[in-house]
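These are the residues of each chain, in order.
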Amino acid sequence: MEVVAREILAWEIEMSFEPARPILEIHKGTKTFGGFNAVNNLDLKVQRETIHAIIGPNGSGKTTLINLVSGLLQPTSGGFFFKGKNLNGLRADRRTAMGISRTFQNIRIFGQMSVLENVMVARHCRTKSGLRSLLFKLPFTSLKEEVEIRERAEEILKFVGIAHRKDLKASGLPYGEQRLLELGQALATAPELLLLDEPVAGMNPKEKDDVKHLIQKISKMGMTVLFIEHDMKVVMGISERITVMNFGEKIAEGEPEEIQKNPGVIEAYLGKEHQSPC
Amino acid sequence: MISPFVQSILIFGGINAILALSLYLPFLGGQLSLAQGGFMAIGAYTSAVLTKNFGIPFGISLIVGSLFSGLVGVGVGFPALRIKGIYLLLITLGFNEVIRVFFLNFKYTGGVGGFGGILPLTNLFNLYLVLVLLILFFRRFQNSRMGRALRAISHDQDAAEARGVPLTRMKTFAFGAGAFIAGLAGGFYAHFVMFIESGSFGFHRSLEAMIFVILGGSQIFWGPILGSFLVTFIPESFRFLQKFRFEFFGLCLVIMMVLRPRGILDEEVCRWRWWRERFWPGRLK
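Reading guide: rules and limits
Residues numbered from 1 in each chain as written. Chains lettered and ligands numbered in written order. Predicted model: local features only at pLDDT ≥ 70, side-chain atom pairs only at ≥ 80, totals over all residues. Domains from an automatic or database assignment. Axes fitted to C-alpha atoms, helices over the stretch in contact; angles between N-to-C directions. Helix = DSSP H or I, 4+ residues; strand = E, 2+ residues; numbered from the N terminus. Left-handed = near helix turned anticlockwise from the far one by under 90°. Contact = placed C-beta atoms within 7 Å. Nonpolar A, V, L, I, M, F, W, Y, C, P; charged D, E, K, R; others polar. Buried ≥ 20, exposed ≤ 12 C-beta atoms within 10 Å, placed from the backbone.

Trainee: Would you mind going over the domain arrangement of chain A with me for this structure?
Mentor: Often, the extent of an interface is quoted as the loss of accessible area upon association of its parts. Partitioning chain A into structural domains gives domain 1 (2-99 + 191-270) and domain 2 (106-175). Between the C-alpha centres of domain 1 of chain A and domain 2 of chain A the distance comes to 29 Å.

Below, the structure written as structure tokens:
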């Protein structure tokens, strides 16, 4: 264990001399669940302002990887660096404050709250009004910051295209719009790195197209997008770089054209061609 | 002007409303606590000792007692952070017993014999002033940045954390503030009944607080307030039934929970629209 820690330290020192570090660096990231390596010795670099996709068969450790980066899980070993800062040991809310935001594969919005409130909650780490403003302000006046939060949240809802639903209960939204709401929540935290876990799963072709354009727009605004997706049309259409995972390990990385031709990738998805007996 | 009997019911109603709000605050963040009776005891004993033995003014001793209770609440809140639902209930229940037995054996505050001779300083004016201030606070809190964060935590705490809500800080705050408010209720209680013993802050007191919240409705802060006044008034209005009045009270509880299983008040009922649709349908075109 200590050998690994020392190795990571040496690597960190070496990396700190590089002029333009990638926004996210993972060095020998490992996560073990009771003897099973969900993510195994994974190295990954995500460059600033790119759209980076992670693909791989089910159970290959993609979601675990996102959970490790967003702080829902802590790694068994390995180094995780965001903008050159070590992420290990930081809880998820600290990481969100640093600029990492995510969506979940199974949508996790706050169903009993209104659509607008869902987005307003996500402004928590960018605002600071606390108990003092609650106690020492005249009743029946509204707080300035509260108005700002509301305006910002409405802007974001307009951006993802569900502004007309803002007063509805979030659980009452149709499936596709729930995904958009979750994306809006993630954007409301003003992230620099956006992690999307299967953003178009279960959507119809029209909705898929909308989300595709939305991701491209987000990327143009200067955010880095790291996303998991099974839909190859979306992946090949928008990503600038693709990492392929299988059994918790990285088996290929490159631009879309390279990945499409890579024999290892084809094998992982379709299985090995076996000799017919006759 | 008001008969002593009505006055005492109004005062008990007010104290119960404060106690109900004390349970409601951590409940907003999804933490169900059965320790509110214990926190009430801390506030009651501390403020009573301060006014009786040290001659400190009521207002100051009330606040000191509540702050002390809040501090203990933060202390209990920390180990309770990672625990939810039924397990949190058990931990807080255990804690309530710890406090009760402590005051049962603590000689300085009378031990088994109870603590008597407290000055009668609670009156309708100061009690309802505090209740109104609390209502104003909750009215703003519910839709504030912190109130929203607490509601998000009660829905899904992992998702709330991923949205940047610091769980530790919010949860300990809710627990501590709830204990503070329970301390206020305790202080008013002690200076009204003038004699306190550990038995009156036991498990049944915490359970009562939970009945207020569940009966009145837990979606909006008016619910617990309504619940506490109903639970205080209904047994009194059945007084003509004499010994059977609590049977009828129990029956009332059952009927109300069948008719409105999520509590009497919810957000919809508290909007004008709900009433207009039912009583002046013509005005909605």
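There's plenty left to go through after this.
Trainee: Can you help me understand the packing of helix H9 (residues 203-216) of chain B against helix H10 (residues 222-237) of chain B in this one?
Mentor: When two helices pack together, their arrangement is given by the angle between the helix axes and the distance between those axes. Residues and elements named next belong to chain B. It is the contact of H9 with H10, at a shortest axis distance of 7 Å, that shows an interaxial angle of 115°. The two elements H9 and H10 cross, and the hand of that crossing is right-handed. Listed contacts from H10 to Ile 211, Phe 212, Val 213, Leu 215 and Gly 216 of H9 are Gly 223, Pro 224, Ile 225, Leu 226, Gly 227, Ser 228, Leu 230 and Val 231. Here the contact of H9 with H10 is composed, by residue class, of nine nonpolar, four polar and no charged.

Trainee: What is the right way to read the environment of Gly 202 of chain A from this model?
Mentor: Positionally, Gly 202 of chain A belongs in the loop between strand E7 (193-197) and helix H8 (205-220). C-alpha of Gly 202 of chain A to C-alpha of Arg 179 of chain A: the two residues are 23 residues apart in sequence and 9.8 Å apart in space.

Trainee: Even after reading the chapter, I still don't get the environment of Phe 104 of chain A, so can you show me in this structure?
Mentor: Tracing the backbone shows Phe 104 of chain A in the loop between strand E6 (100-102) and helix H4 (115-121). On the basis of neighbour count, Phe 104 of chain A is assigned to the buried category, with 23 C-beta atoms found within 10 Å. Between the alpha carbons of Phe 104 of chain A and Phe 82 of chain A there is a distance of 20 Å; along the sequence they are 22 residues apart. Residues contacting Phe 104 of chain A, with those up to four places away along its chain left out, are Glu 182 and Asp 197 of chain A together with Ala 159 of chain B.

Trainee: Would you mind showing me how to read helix H2 (residues 62-70) of chain A here?
Mentor: An α-helical turn contains 3.6 residues, so any two residues separated by three or four positions project in the same direction. Residues and elements named next belong to chain A. Within H2, nine of the nine residues are buried, which leaves the element mostly enclosed by the surrounding structure. Regarding H2, the residues found buried are Lys 62, Thr 63, Thr 64, Leu 65, Ile 66, Asn 67, Leu 68, Val 69 and Ser 70. Directly after H2, the chain includes Gly 71, whose backbone phi takes a positive value near 100°.

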